[in-house]
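Results of the structural survey
Here are the chains, one letter per residue:
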Amino acid sequence: MNKREEEKVMSRTDLQKLREALEFTRVYQENSDDICLREARCLDYQLKHILAPLDEEDGIAGRYDHGFLGFSSQAGGYSALGAGYTYYFKDFEFTAAMQNCAGELTAAENYALQTAQMFWREENTARKLDLAFAHRYGYVPAKGYPAPGVANCDCRVAGTNLDFHKLMALGFDGLDREIDQKAAENGPSAFYEALKLWIESLRGACEQYRRQALERAAHSGASPVRKRFLALAEALEHIQHQPPQSFLEGVQLMWIYSVSCDLMNYGRMDDYLGALYAADLDAGRLTEEEGVQIILYLYKHFREINKIHDCRVIIGGMGRQHPAEADRLAIAIMEATRRFREAVPQLTLRYYTGMSEDVFQKAMEVNAEGVTFPILYSDDTNVPAVERVYGVSREEAEQYVPFGCGEYVLAGYSVGTPNNGVNALKALDLALHNGTDSYHQVLCGPATGELAQFDTFEKLYGAVLAQLQPVMEQFAVHKYLNYQVAGENAPYLHLSLLLNDCVERGLPVFQGGVRYLNASSETFGVISCADSLTAIRKLVYEEKRLTLEELVQVLDQDFEGREDVRKLCLDAPKYGNDNDEADSMAQRLFNDMADITSQAGQEAGLYRYNIVSVNNSMSAEWGNFCSASACGRKKGAPMANANGPSLGADKCGVTALLDSMSKFDNTKHVGVINNVRFTKELFTQAGDQVAAVLKAFLQNGGVQANLCVVGREDLENAMVHPENYQNLMVRIGGFSARFVTLNPVVQREILERTTYDA
C-alpha cells in the first residue's frame, strides 16, 4: 500500500464508504453461484478497505473501520437488530450517509445506491432469518428488552473460540498444506479453494501492515520508535509464511487473524502463547518488562474496539499443553491488566486444586486494587460438570472457556451463541395476570388460569412454567435457524479453518463441519422469581396471611399504602443466606427452566441448548419494565443480579452467600455469574482469609466469582462527583465497566448490593 492509499484508508469518508458499498455489492452479486467463493472474494475486498493504518503508538498491527455493509459474525461486536450477522446491512447509517453526501453523488451513483439499498434490505442475512422464523410461527420475535413478554432474541454468531494452538503450530503455509492434503483425500471443492483464498487475504493484510511499519520506521529516525516498527515489520513478514518463532510474532499472528474477522474472544492465551514467551525469556531475547509491554500493545486494540460484553482472555486451568510456560505468561498478563485498568479484556483465571500458588496470589493482588479482574472460575467444579452437561470427553471438557457474559463454549470444538434472554420474573407476572404483562398492560402470554383457579401452590408454579415453555421452545428453533440460515448463506471461512473437524470433513462450520452445534439461553430474574414464589407459598398457602387475590392487588398498586404487606414479603426467607427453604426454591426453578430449555434444544435439532444465568446489565434494565413482585421489590426496581441475591437480602455473611451459590446442580447450565463485593480494607486486613474462603468455595461446588473491591462510600461519591471517579471500575455481572459511564438505573442497582467489610 502506497502513502496515498494509506491516507485514503485513514480518512475514509461516508462518500468513500458508500462507493465501497457499491463495489462490495458488485462482488457479491457476481459471485452468487457459489457461497464459498462468494464469501472468500467478498472478504478479500472487505479486508483491503476496513483495515485502518498503524498509528504512532502501535506495537501490534491491526484495527478496522467497518463500512455500512459487509460480512461478519458480529461486525465490530455490533449486533443491534441483527445488523452484525453474516452479510449485514446498516440501513440507518447508509441512509444518513446518502443524505449527507447528496451534493457529492452523481445521478448514476445515487441511482445505484438506491438500488443497492433495496437489494440489501431483502438480502441481508438477518432479514432471511426473520422470514424463516415468521414462516414457522407467524411473527418476528422482539429484539428489544423493553418489549412486553417474557423473552426476546437477536441474531449473530457470537463467542466462538478457535484453535489458536493450530494456528501457532502450522502458520499460514502449514494450514495451506493441510487443506491440500484433505482436498486430495476428500476430493477438491469450492470450500477448500475458498479457505486457501482466505489465507491469502490474511497474508495480504500482513503485507499491508508490514509496508506501513517500514514507512513508519523510515520517518522515525534513530529512536526506540524506529526499532519498534522495524521489529513489527520483521514479525509481519515472517508470519506470512512461517509459524511464529517469537512472542511478538505469536501475538501478532493471533491478532491479525482476529481483527480480520471480528473475533471478540481470544481463548486460552497463556497456553497457546506461553511456550513462545518462555523461550524468548530464557534465550534473553525478551525481558519480562518487554513482554508486558507487548501485551499492553494488544490491550490497546482491545480498548479501541471496546466490546465490554465480550473480549475474554483465559489463563490457567486444566488441560493446557504447556502449563509451566503458561503460568509464567499468566502472571505477565495479570500484571498488564493491573496497569491497564480498563473494562477490557475480561481477564479470566481458571482455578484448580494444586495450581501454582504464585498465579493465584497474583490474581488476589490484582483484584485487591479494584481492577475487577481476573474473574475466577473453578475447574474442580466446571470440568466434570461440562463433561456431563455437554456429553463430551474429559479431554474436550477441559477446553471449556467462558465468553461474553459467562457462557461456555469448547475452544476448537463447538459453537454456543447466546441470542436470547428469558425473564423468569416476568413469567410470574404473566401467570398472576392470566397471560397479561401488567407493566405494559398487554396480553402476550397463554391463558394459564385466573387467580381463583390456583388453589394450590403447585398450580401457580405450573402456570409460571407454562408461561415460559412455549417461548423457550420457539427460541430453541430460532437458535437452530440462526445457524441454518447462516450456513445456507456462507461457509464462515474464518471459523471453519480453525474449528476441529471442518477441514477434516471438508464441510463448513454450519453445514456439518463443527463437532458440537450448541447454543445457550440467557436467563434473568430467576432469583427474584424464586424469592417471590417462596414468599407467596409462605404468606398465601402456608400461613394464609393473605389471599392470592389480595396480594396481587397490593402488587398491582406497587405496595402503595401497604408497607405492612411489603414488610411481610421482605421478611420472607431469601436466597443468599444458606436458608434451605429459599435456596431450594431457587434450585427448583433453575432446574425446571434448564430442563425445558434442554428438551427444546434437542427437539429443535441442536446438539445442546442450555441455560446460563448471567447478567449483561439487564437485571437492572429489564427490571425497569417489571411490576412490583412478591419478593418485596417495587415496580421498576432492579431484579437480582444473575445468581446473586435480591438486593440487600443477603444478611448472614459472605460464607452463607457462597454456600447458597454453591447449591445449584452444575450439570444443568453452561454458565452462572456470582458477584461478591468487598471493601479494600477487608482485602488489606484479611487478605489471606478472603483467599481461603474463595478457595473453599471454588473447591466445593462454586462455579465462579466476580470480585469487586470497592466501598459503598466511593460509589455514592462517584454518583455525585463523577469527575473525581473516572477510573472507578465495577463488576456489572458478566462484564465490567467504568462506574461513571453507566445508566443511573444500573448504578443504583450496583450501589444497593451488599458490601462485605472487615
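Secondary structure summary: the protein contains 29 helices and 19 strands in total. Radius of gyration (C-alpha) of the protein: 26 Å, near the 27 Å computed for a compact globule of 758 residues. Each principal axis of the C-alpha distribution contributes one length, and for the protein these read about 80 × 60 × 55 Å. Accessible surface for the protein amounts to roughly 26600 Å². Of this, 49% is attributable to carbon and sulfur atoms. The average position of the 73 basic charges and that of the 103 acidic charges among the side chains of the protein differ by 1 Å.

So, about the nonpolar core. Y257, Y266, M269, F302, Y492 and L497 are the most contacted members of the largest nonpolar core, which has 261 residues in total. Once you skip the residues sitting within four places of it in the chain, F302 turns out to touch W255, Y266, M269, K307, C311, V313, V344 and P345. I314, F403, V409 and A411 belong to the second largest nonpolar core, which has five residues in total.

Attention now moves to the state of the cysteines. Taken as a whole, this structure holds zero disulfides when the rule is applied. C405 provides the cysteine sulfur closest to C708, a residue in no disulfide bond, and the two sulfurs are 16 Å apart. Assessed through its relative accessible area of 5%, C708 is described here as buried.

Right, let's talk about the sheet that holds strand β14 (residues 669-672) for a bit. Here five strands make up an open sheet; going across it, the order is β3-β9-β12-β13-β14 and the pairing mixed. Each of the sheet's edge strands pairs with one partner strand only, and the pair in question is β3 (151-153) and β14. The average angle at which neighbouring strand axes cross in this sheet is 30°, direction not considered. The strands that helix α17 (residues 424-432) touches are β9 (414-423) and β12 (516-524); relative to β9, the one it contacts most, it runs at about 40°. Where helix α24 (residues 580-604) meets the sheet, its contacts fall on β9, β12, β13 (608-613) and β14, and the angle it forms with β13 comes to roughly 150°.

Before going further, it helps to examine the environment of S220. Considering the arrangement of structural elements, one finds S220 in the loop between α8 (190-218) and α9 (224-238). Classification of S220 as buried rests on a relative accessible area of 18%. When the C-alpha atoms of S220 and H49 are compared, they prove to be 26 Å apart, with 171 residues separating the residues in sequence.

Our focus in this paragraph is the sheet that holds strand β6 (residues 375-378). The strand order across the open sheet built from six strands is β4-β5-β6-β16-β15-β19, with neighbouring strands paired in mixed fashion. A strand with exactly one partner marks an edge of an open sheet, and here the two such strands are β4 (312-316) and β19 (755-756). Two strands pair when backbone bridges link them, and strand β5 (residues 346-351) and β6 are joined in this way by four bridges, in the parallel orientation. Looking at the pairing, Y351 lines up with S378 of β6. Sheet strands in contact with helix α26 (residues 654-661) are β15 (675-678) and β19, and its direction is about 170° off that of β15.

Considering all chains together, one arrives at 61 salt bridges under this definition. One salt bridge connects E342 with R303, and the closest N-O pair in it is separated by 3.4 Å. Separated by 39 residues along the polypeptide, E342 in the loop between α13 (323-340) and β5 and R303 in helix α12 (residues 288-305) bring together distant segments of the chain. Among the residues examined, E342 registers a relative accessible area of 17% and is labelled buried. Owing to a relative accessible area of 37%, R303 belongs among the partly exposed residues under this scheme. Among the ionic pairs, K459 bridges to D455, the shortest N-O distance being 2.8 Å. Beyond isolated ion pairs, a larger network of salt bridges with shared partners links D173, D176, D180, K196, E200 and R203.

With that settled, consider the packing of α8 against helix α10 (residues 247-261). Contact pair α8 / α10: the axes reach a minimum separation of 10 Å and the direction vectors enclose 110°. Here α8 is positioned roughly perpendicular relative to α10, judged by the angle of their axes. The handedness of the crossing between α8 and α10 is right-handed. Contact residues: α8 offers W198, L202, A205, C206 and Y209, while α10 offers I256, Y257, S260 and C261. Class assignment of the residues belonging to the contact of α8 with α10 gives a composition of eight nonpolar, one polar and no charged.

To continue, consider the environment of E289. If you trace the backbone, E289 turns up in helix α12. A relative accessible area of 44% means that E289 is categorised as partly exposed. When the C-alpha atoms of E289 and K544 are compared, they prove to be 67 Å apart, with 255 residues separating the residues in sequence. Of the polar contacts made by the side chain of E289, one reaches the side chain of R339; its length is 2.9 Å.

In total, this model carries 37 aromatic pairs according to the counting rule given. Between the aromatic rings of F24 and W120, the centroid separation amounts to 6.2 Å while the plane-to-plane angle is 45°, which identifies the pairing as tilted. With F24 in helix α2 (residues 14-30) and W120 in helix α5 (residues 107-123), this residue pair connects regions lying 96 residues apart in the sequence. The two residues F24 and W120 agree in class, both being buried. Plain terms: the ring middles of Y492 and F510 are 5.4 Å apart, the flat faces sit at 80° to each other, and that makes the pair edge-to-face. On the criterion of sequence distance, the pair formed by Y492 in the loop between α18 (457-489) and α19 (493-497) and F510 in the loop between α20 (502-505) and β12 is long-range, its members being 18 residues apart.

So, on to the side chain of S521. Here S521 lies in strand β12. Engagement of the side chain of S521 in a polar contact is seen with the side chain of N420, the distance being 2.9 Å. The residues contacting S521, other than those within four sequence positions of it, are N420, V422, T597, Y609, N610, I611 and V612.

Moving on to the pairing of β6. The two faces of β6 match: I375 and Y377 on one face and L376 and S378 on the other face are all buried. Sheet analysis places β6 next to strand β16 (residues 704-709), joined by two bridges and oriented antiparallel. Opposite Y377, over in β16, you have Q704 as the bridge partner.

Take the confidence of the model for the protein next. Mean pLDDT for the protein: 94, with 97% of residues reaching 70 or above. This stretch, residues 1-10, has a pLDDT under 50; its non-local contacts, to residues over four places away or in other chains, come to 15 contacts.

Spanning 17 residues, α2 covers 24 Å between terminal C-alpha atoms, matching the ideal 24 Å at 1.5 Å per step. Those residues of α2 that fall on the buried side of the exposure criterion are L15, K17, L18, E20, A21, F24, T25, V27 and Y28. Here the buried face of α2 lies against α3 (35-50), β1 (69-72), β2 (86-89), α4 (91-100), α5 and α6 (125-137).

A word on the packing of helix α7 (residues 164-186) against α8. Closest axis-to-axis distance for the α7/α8 pair is 10 Å, and the angle between their directions is 170°. Here α7 lies roughly antiparallel to α8, going by the angle between them. Contacts between α7 and α8 involve F172, D173, L175, D176, I179, D180, K182, A183 and N186 from the first element and Y192, L195, K196, I199, L202, R203 and C206 from the second. Tallied by class, residues from the contact of α7 with α8 come to nine nonpolar, one polar and six charged.

A separate point is the environment of N306. Positionally, N306 belongs in the loop between α12 and β4. Along the chain, N306 and G487 lie 181 residues apart, while their C-alpha atoms are 28 Å from each other.

On to α3. Its 16 residues place the ends of α3 21 Å apart at the C-alpha level, agreeing with the 22 Å of an ideal helix rising 1.5 Å per residue. The element α3 is extensively covered by neighbouring structure, given that twelve of its 16 residues are classed as buried. Those residues of α3 that fall on the buried side of the exposure criterion are C36, L37, R38, E39, A40, C42, L43, Y45, Q46, L47, H49 and I50. The backbone nitrogen of C36 has a side-chain oxygen 2.9 Å away, supplied by the residue at the start of α3, namely D34.

What counts and how
Residues numbered from 1 in each chain as written. Predicted model: local features only at pLDDT ≥ 70, side-chain atom pairs only at ≥ 80, totals over all residues. Heavy atoms only, no water. Helix = DSSP H or I, 4+ residues; strand = E, 2+ residues; numbered from the N terminus. Rg over C-alpha atoms; globule rule 2.2 N^0.38 Å. Areas by Shrake-Rupley, 256 points an atom, 1.4 Å probe, with all protein chains shown as cover. Lys, Arg positive; Asp, Glu negative; His and termini not counted. Charge placed at Lys NZ, Arg CZ, Asp CG, Glu CD. Core = buried A, V, L, I, M, F, W, Y, C linked by side-chain atoms within 4.5 Å. Buried < 20%, exposed > 50% of the residue type's maximum accessible area, 1.4 Å probe, protein only. Contact = heavy atoms within 4.5 Å. Disulfide = S-S within 2.5 Å. Pairing = 2+ DSSP bridges. Axes fitted to C-alpha atoms, helices over the stretch in contact; angles between N-to-C directions. Salt bridge = Lys/Arg side-chain N within 4 Å of Asp/Glu carboxyl O. Parallel < 35°, antiparallel > 145°, perpendicular 65-115°, else oblique. Left-handed = near helix turned anticlockwise from the far one by under 90°. Nonpolar A, V, L, I, M, F, W, Y, C, P; charged D, E, K, R; others polar. Polar contact = N/O pair within 3.5 Å; in protein donor to acceptor, adjacent residues only side chain to side chain. Phe/Tyr/Trp six-rings, centres within 6.5 Å; stacked < 30°, edge-to-face > 60°. pLDDT = per-residue confidence, 0-100. Expected span 1.5 Å × (residues − 1).

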